[in-house]
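# Structural overview
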Amino acid sequence: MDAGIMFTGSVNTGLAMQLQLAATALVQAGTKRLTIYLSSRGGDITAGMAIHNTLRMLDCHLRLVNVGQCGSIAATVFLAGHERIAMPASNFFLHAAYYVEGEKTGQISPNTTLIVAPYRNLPGWDQERLDRYFTSTTETYLNAAEALDLGIATAIESPRLTPGERLLVLDPDSRDLSRVDAFVAGLKTPRRARP
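First, a word on what this report is: a plain description of the structure on this page. Note that the structure is a prediction, hence the values are computed from the model and not measured.

## Some points on the packing of helix α1 (residues 13-28) against helix α7 (residues 178-186)
- At a closest axis distance of 10 Å, the pairing of α1 and α7 adopts a crossing angle of 5°. Judged by the angle between their axes, α1 and α7 are roughly parallel. Across the interface between the two elements, Q18, L21, A22, A25 and L26 from α1 touch R179, V180, D181, F183 and V184 from α7.
- Residue classes in the contact of α1 with α7 are distributed as seven nonpolar, one polar and two charged.

Now the structure itself:
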């Protein structure tokens, strides 16, 4: 079974809970290839790293598709995929983590080491390249071709939804898991073939 999860919006704890529940349930239900369709300007680093690490634990082929923009911690989430597809009209942006409130507002946060860790596994990403993208709070934008050249994306494509693919659209502004629970319950009901 192929399945997909789509989310657009801020990375937050509600989204992390929904995605972790749905992704693990899909794999337990026999999903062999899971696609995450992602468009997010980022958000909470703790939630983003929880998503990234959970996706890396899944025993299935994982495909991440940038369907718009992957920025900040969402770009780190994107790196969880075995396949990382950038659609032609998508982009990425990278920057160091920084404090958004309190006396250190605007200063670079030690959390930068968390968001940088997955980039260390990309071919050609030495300390010089990491410093280029992650020692400033200024956003560096990359188009799909640049992301491919840097190894962030593994291909530039315009994928189609697979016929019969189970697809869940997450609500990043909700902590209500009932939609995810209903989707997971529906996995146990075989789909009828179309006439």
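There is more to say, and it comes next.
## Some points on a negative patch on the surface
- On the surface, a cluster of negative charge is made up of D171, D173, D176 and D181.
- Within the secondary structure, D176 is located in the loop between β8 (166-169) and α7.
- A residue is classified by how much of its surface remains accessible, and D176, at 46% relative accessible area, is partly exposed.

## Some thoughts on the environment of L38
- Residue position: L38 is located in strand β2 (residues 33-40).
- In this structure, the C-alpha to C-alpha distance between L38 and V67, residues 29 residues apart in sequence, is 5.8 Å.
- Apart from the residues within four sequence positions on either side, L38 is in contact with F7, L64, V65, N66, V67, G68, Q69, C70, A74, V77 and F78.

## Quick look at the nonpolar core
- Counting 56 residues, the largest nonpolar core has L34, Y119, W125 and I152 as its most contacted members.
- In terms of residues, this core owes the most to one element, α1, which gives eight residues.
- The contact partners of I152, leaving out residues within four places of it in the chain, are F78, L79, R84, F92, L94, Y119, L122, W125, L142 and A147.

## Quick look at the side chain of T31
- With respect to the helices, strands and loops of the structure, T31 is situated in the loop between α1 and β2.
- There is a polar contact of 2.8 Å between the side chain of T31 and the backbone oxygen of L26.
- When residues no more than four places from it in sequence are discounted, the contact partners of T31 are M1, A3, L26 and C60.

Conventions and cut-offs
Residues numbered from 1 in each chain as written. Predicted model: local features only at pLDDT ≥ 70, side-chain atom pairs only at ≥ 80, totals over all residues. Heavy atoms only, no water. Axes fitted to C-alpha atoms, helices over the stretch in contact; angles between N-to-C directions. Helix = DSSP H or I, 4+ residues; strand = E, 2+ residues; numbered from the N terminus. Parallel < 35°, antiparallel > 145°, perpendicular 65-115°, else oblique. Contact = heavy atoms within 4.5 Å. Nonpolar A, V, L, I, M, F, W, Y, C, P; charged D, E, K, R; others polar. Patch = residues over 30% accessible without salt bridge, like charges linked within 9 Å, V, L, I, M, F, W, Y side chains within 5 Å. Areas by Shrake-Rupley, 256 points an atom, 1.4 Å probe, with all protein chains shown as cover. Salt bridge = Lys/Arg side-chain N within 4 Å of Asp/Glu carboxyl O. Lys, Arg positive; Asp, Glu negative; His and termini not counted. Charge placed at Lys NZ, Arg CZ, Asp CG, Glu CD. Buried < 20%, exposed > 50% of the residue type's maximum accessible area, 1.4 Å probe, protein only. Core = buried A, V, L, I, M, F, W, Y, C linked by side-chain atoms within 4.5 Å. Polar contact = N/O pair within 3.5 Å; in protein donor to acceptor, adjacent residues only side chain to side chain.

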